[in-house]
Amino acid sequence: MRWVEVLNRVRFLLPASALLTLLLTTRFADGGSLAVRVTYDYSVWYSTVVVVVGVLLDLRALGWTYSYCSTLLLSLLSALVVLIGRVSSLVINCTLYLPYDVMPLFGSRYTRESFFISLVLASVGVSLSLVSLSLHSALGRPLVFREGRPVNAVIASAWNRLRLAFSTTNLYLPSSFLLGFTLRFVPELIWWPWHIGWDTVEYVAHLEDFMVRLNPFASYYWMGGLRNIPPMLNLVVLVPAHAFSAWAVFKVYPAVAYGLLCLSSALLAKTVFRTSGWGAFLTSAITAFYVLNLRISWDYQRQLLGSVFMLLSLAVLDRPGRWGAKRAATAVALLVCSALSHEVTGFFAAVASFTLLLKSALNRELWGASAGSIALAASVALELWYWGVPYTEVPGIGTLPAGLVSYFDVDASEVISYLFAGFGAVLPLALLSLLERDSRYIYCKIALASLLLAGLSPLLAPYTSVAVWYRFMVGAAPIASTLAGAWVAKSSGGWKFQLAYITLLMVLAFPFAYTVFGATKYAYSMREFPLLGLTPLPNDQKYLEDLAEVAKVVKNLDPDIVVVAPDWVARWVHLSKRNPSPSELVWVWPRLNSTIDSIVRELKLSKAYLITPLQLKNSTDLVVVDVWNGKVLYLYYVETRTNQTDPEAL
């Protein structure tokens, strides 16, 4: 006799053991020891698992024979109650300690409320399960109240209806958007009202600069210097920013854009890779839970928007069929929007446009060739405008095309880290998708290859690499995750393989997104990866409060005197200064730990406002006046003694 058959006969012992475990471990009280709390939490997990297993065995033994209108419903209700109790207690436990101490999945600390909720629901669910399973084991069948379809047939029918709805309607599109939006918006709620990411505050300040100036092709202040900035994001969020505020827009935009990225991934899987609607939703889930995509959403806000346009472009380019006016116009619009969004997706647009031009010319398709030439001209012109020059001079090497720079030896090892730690779970399946016999996805192949080659350039090119190669490396992530998702959706492994693969991605995604289980250790292996997960930077409340306050204080300072601040402070100062010049707001990178005398001498300043976490005193050459003190930050007026004014006037 197989062990499953033995377990079926004594399945009532599972909820019985769960009830006994709860009775033995319910010794929780405020201030209880860690051992008591952990033991109780394990008993709740044990109760949840064994009740669910017992109910599944019950359904396996009886569910295909007996009506849904029977005591089998009592078994289903018991599983639902214990699952609700387990999830709700975890949510309450985490909520109390957010955002700084996200509870572990097992052995979490309990609040008084979550303890009673978990105890009541677990006890009720276990008791209901014990009654129903004991009755079924004793009688060999459930009590049937009315004849009808078997309960398993009802469940299977509901599941098939859901799959059919995904296949025969466009339900997969809003479902994909909602999944991506929810996953990314939860960290925003956890850290409300602070922005997730490092650069995001600078995006807010830049958007406010743009709202004042309204010139998409002007140079703007960005992180201490003037830059030609891709304007698409500003144009997209301009109206909501006027209706609400730039600050509010960037609390919601990352989640909306991430939802659109998942929607675009599902659309590409359905229209080009010919998955079912359910397979398209599965593909969007793989894109949502892929940690490199989550990293793009942390603070690569322009690149996130460009990635959406990139996937939509591929859905048009790789769709089978001949080129007409409508398709050509759509391709041009999406490719130009990709180029207007970010330098990396502008590179993609140039490569895809050139491929379209070449392929259409060979096939004598006038509309395709016209679309390719227009998009190519626009994307190349935009890329050159972003760089500001058509070439760069590299010491010891000579003249190189714009975008190529010399690299450091450490870059090569970091490329390998990105390749294995970042792409290890996705790239093999993406390549399998591209190697299928009926694979005609020429644009997806070229886009993935070109972005990865740019990212791998420190390993490939002699003494040179693509500037910020890691942005190109991570830029390939949405394509790779979509290809992998399409392969998983169409594979013969079935739902068990699909569930296992999604779970693997979640093991990395959830700790990174919600900062649990030592996510920082994983992040150390990749360049510009947030070490603290999807949190603000800094992620300390007193620092954030000081930064918000110093942004207000700067508004009342003399606008003719330069403000000097370390990089992590200067982006907040930028919130209070509209369209400053690099000489008005000076970013001092981590070297601010040097003496105030050396900083002033190096910057050749006669007077300045200095914001620093260091406490400063007068020196031989400088007069230091205390203007504002926060919890961790200090704002000083600093003046050389040869240029000294009356401190009382300040």
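Look up: the structure comes first, before these words.
What you see is a predicted model; the values in this text were computed from it and never measured.

Analysis parameters
- Residues numbered from 1 in each chain as written.
- Predicted model: local features only at pLDDT ≥ 70, side-chain atom pairs only at ≥ 80, totals over all residues.
- Heavy atoms only, no water.
- Helix = DSSP H or I, 4+ residues; strand = E, 2+ residues; numbered from the N terminus.
- Buried < 20%, exposed > 50% of the residue type's maximum accessible area, 1.4 Å probe, protein only.
- Areas by Shrake-Rupley, 256 points an atom, 1.4 Å probe, with all protein chains shown as cover.
- Pairing = 2+ DSSP bridges.
- Axes fitted to C-alpha atoms, helices over the stretch in contact; angles between N-to-C directions.
- Contact = heavy atoms within 4.5 Å.
- Phe/Tyr/Trp six-rings, centres within 6.5 Å; stacked < 30°, edge-to-face > 60°.
- Lys NZ or Arg CZ within 6 Å of the ring centre and 35° of its normal.
- Expected span 1.5 Å × (residues − 1).
- Parallel < 35°, antiparallel > 145°, perpendicular 65-115°, else oblique.
- Left-handed = near helix turned anticlockwise from the far one by under 90°.
- Nonpolar A, V, L, I, M, F, W, Y, C, P; charged D, E, K, R; others polar.
- Right-handed = clockwise from strand over helix to strand, strands pointing away.
- Polar contact = N/O pair within 3.5 Å; in protein donor to acceptor, adjacent residues only side chain to side chain.
- Salt bridge = Lys/Arg side-chain N within 4 Å of Asp/Glu carboxyl O.
- Patch = residues over 30% accessible without salt bridge, like charges linked within 9 Å, V, L, I, M, F, W, Y side chains within 5 Å.

Engineer: Explain the overall build of the protein to me, please; I cannot follow it from the model alone.
Structural biologist: Helix and strand content of the protein: 27 helices and 11 strands. A buried classification covers 52% of the 650 residues belonging to the protein. In the structure as shown, the protein presents an accessible area of about 28800 Å², 66% of it carried by carbon and sulfur atoms.

Engineer: Got a minute to help me understand the sheet that holds strand 7 (residues 563-566) in this structure?
Structural biologist: Pairing between sheet strands relies on hydrogen bonds along the backbone, with the strands arranged either parallel or antiparallel. Taken in spatial order, the five strands line up as 8-7-9-11-10 in an open sheet, and their pairing is mixed. Since the sheet does not close on itself, it has two edges, and those belong to strand 8 (585-588) and strand 10 (622-629), each with one partner. Between one strand and the next, the sheet's axes are offset by a mean angle of 25°, whatever the strand orientation. With four bridges joining them, strand 7 and strand 8 adopt parallel strand pairing. Paired with Val-564 across the two strands is Val-586, which belongs to strand 8. Packing against the sheet, helix 25 (residues 541-554) makes contact with strand 9 (607-612), strand 10 and strand 11 (634-640), and its axis sits at approximately 115° to strand 10.

Engineer: Would you mind going over the packing of aromatic side chains with me for this structure?
Structural biologist: Given two aromatic rings, their pairing is described by the distance between the two centres and the angle made by the two planes. Evaluation of the coordinates by the stated rule reveals 23 aromatic pairs. Between Phe-273 and Tyr-441, the ring centres sit 4.6 Å apart and the planes meet at 75°, which makes this aromatic pair edge-to-face. On the criterion of sequence distance, the pair formed by Phe-273 in the loop between helix 10 (246-271) and helix 11 (277-289) and Tyr-441 in the loop between helix 18 (427-434) and helix 19 (442-455) is long-range, its members being 168 residues apart. Residue class for Phe-273 comes out buried when judged on its relative accessible area of 1%. Taken together through their ring pairs, the aromatic side chains of Tyr-203, Trp-222, Phe-250 and Tyr-253 make up a single cluster. We note Arg-327 situated over the ring of Trp-323; from NZ or CZ to the ring centre the distance is 4.0 Å. The ring of Tyr-300 has Arg-471 sitting right over it, with the charged end atom 3.5 Å from the ring centre.

Engineer: I would appreciate a short explanation of helix 22 (residues 477-490) in the present structure.
Structural biologist: A turn of α-helix holds 3.6 residues, and therefore any two residues three or four places apart point the same way. The end-to-end C-alpha separation of helix 22 is 20 Å, in line with the 20 Å expected for 14 residues at 1.5 Å each. Of all 14 residues in helix 22, 12 are buried; the element is thus mostly enclosed. The set of residues buried in helix 22 consists of Ala-477, Pro-478, Ile-479, Ala-480, Ser-481, Thr-482, Leu-483, Ala-484, Gly-485, Ala-486, Val-488 and Ala-489.

Engineer: What should I look at first to understand the packing of helix 10 against helix 13 (residues 301-317) in this one?
Structural biologist: For any two helices packed against each other, the geometry comes down to the angle between their axes and how far apart the axes lie. Here helix 10 crosses helix 13 at 20°, and the two axes come no closer than 9 Å. The orientation of helix 10 with respect to helix 13, classified from their angle, is roughly parallel. By crossing handedness, the relation of helix 10 to helix 13 is classed as left-handed. Counting all contacts with helix 10, which are made through Phe-250, Tyr-253, Pro-254, Ala-257, Tyr-258, Leu-260, Leu-261, Ser-264, Ser-265, Leu-267, Leu-268 and Thr-271, the residues of helix 13 involved are Gln-301, Leu-304, Leu-305, Ser-307, Val-308, Leu-311, Leu-312, Leu-314 and Ala-315. Along the lines of polarity and charge, the residues of the contact of helix 10 with helix 13 split into 16 nonpolar, five polar and no charged.

Engineer: Sorry, what's going on with the pairing of strand 8 here?
Structural biologist: Regular strands place side chains that alternate from one sheet face to the opposite one. Of the two faces of strand 8, both are covered, the one formed by Leu-585 and Trp-587 as well as the one formed by Val-586 and Val-588. Chirality of the crossover, the property in question, places the unit of strand 7, helix 26 (residues 567-573) and strand 8 among those that are right-handed.

Engineer: Explanation requested: the environment of Thr-200 in the structure shown.
Structural biologist: Here Thr-200 lies in helix 8 (residues 200-213). We classify Thr-200 as buried; its relative accessible area is 0%. Distance from Thr-200 to Gln-301, taken between C-alpha atoms, is 7.5 Å for residues 101 residues apart in sequence. Within the local environment of Thr-200, its side chain forms a polar contact with the backbone oxygen of Ile-196, the two atoms lying 2.6 Å apart.

Engineer: Before we go on, may I ask you to explain the environment of Arg-213 in this structure?
Structural biologist: Within the fold, Arg-213 resides in helix 8. For Arg-213, a relative accessible area of 43% corresponds to the partly exposed category. For the pair formed by Arg-213 and Asn-579, sequence separation is 366 residues and the distance between their alpha carbons is 8.2 Å.

Engineer: In this structure, what is going on with the pairing of strand 2 (residues 225-228)? I would like to understand it.
Structural biologist: Here strand 1 (residues 219-222) pairs with strand 2 via four bridges, running antiparallel. Along strand 2, the bridge assignment pairs Trp-222 with Gly-225. Where strand 1 folds back on strand 2, the antiparallel hairpin that results is connected by two residues, among which Met-223 adopts a positive phi of roughly 55°.

Engineer: Looking at this structure, how should I read the pattern of salt bridges?
Structural biologist: A pair can form between side chains of opposite charge whenever their charged atoms are brought close. If you walk through the whole model with that rule in mind, you get 11 salt bridges. As a salt-bridge pair, Arg-86 and Asp-41 come within 3.2 Å of each other at their nearest N and O atoms. Of this pair, Arg-86 sits in helix 4 (residues 72-97) while Asp-41 is found in helix 3 (residues 34-62), placing the two residues 45 residues apart along the sequence. Here Arg-86 and Asp-41 have matching classes, each one buried. The salt bridge partner of Arg-578 is Asp-209, with a shortest N-O separation of 2.8 Å.

Engineer: I keep staring at a nonpolar patch on the surface and nothing clicks. Help me out?
Structural biologist: On the surface, Ile-416, Phe-420, Leu-453, Leu-459 and Leu-460 cluster together to form a nonpolar patch covering roughly 510 Å² of accessible area. Only helix 17 (409-422) and helix 20 (457-460) provide two or more residues apiece to the nonpolar patch. Examined against the element boundaries, Ile-416 turns out to sit in helix 17.

Engineer: I tried to follow unusual backbone geometry on my own but got confused; where do I start?
Structural biologist: If a residue is not glycine, its phi is most likely negative; likewise, a peptide bond is most likely trans. Put simply, Trp-192 and Pro-193 share a cis peptide bond, and its omega is 5°. Tracing the chain through its elements places Pro-193 in the loop between helix 7 (172-190) and helix 8. A cis amide bond links Leu-537 with the next residue in sequence, Pro-538, at an omega value of 0°. Here Pro-538 lies in the loop between helix 24 (519-523) and helix 25. Residues other than glycine seldom take positive phi values, yet Met-223 does so here, at roughly 55°. Mapped onto the fold, Met-223 is located in the loop between strand 1 and strand 2. For Asn-579, which is not a glycine, the phi torsion comes out positive at approximately 45°. Relative to the elements of secondary structure, Asn-579 occurs in the loop between helix 26 and strand 8. Residue classification places Asn-579 among the partly exposed residues on the basis of a relative accessible area of 25%.

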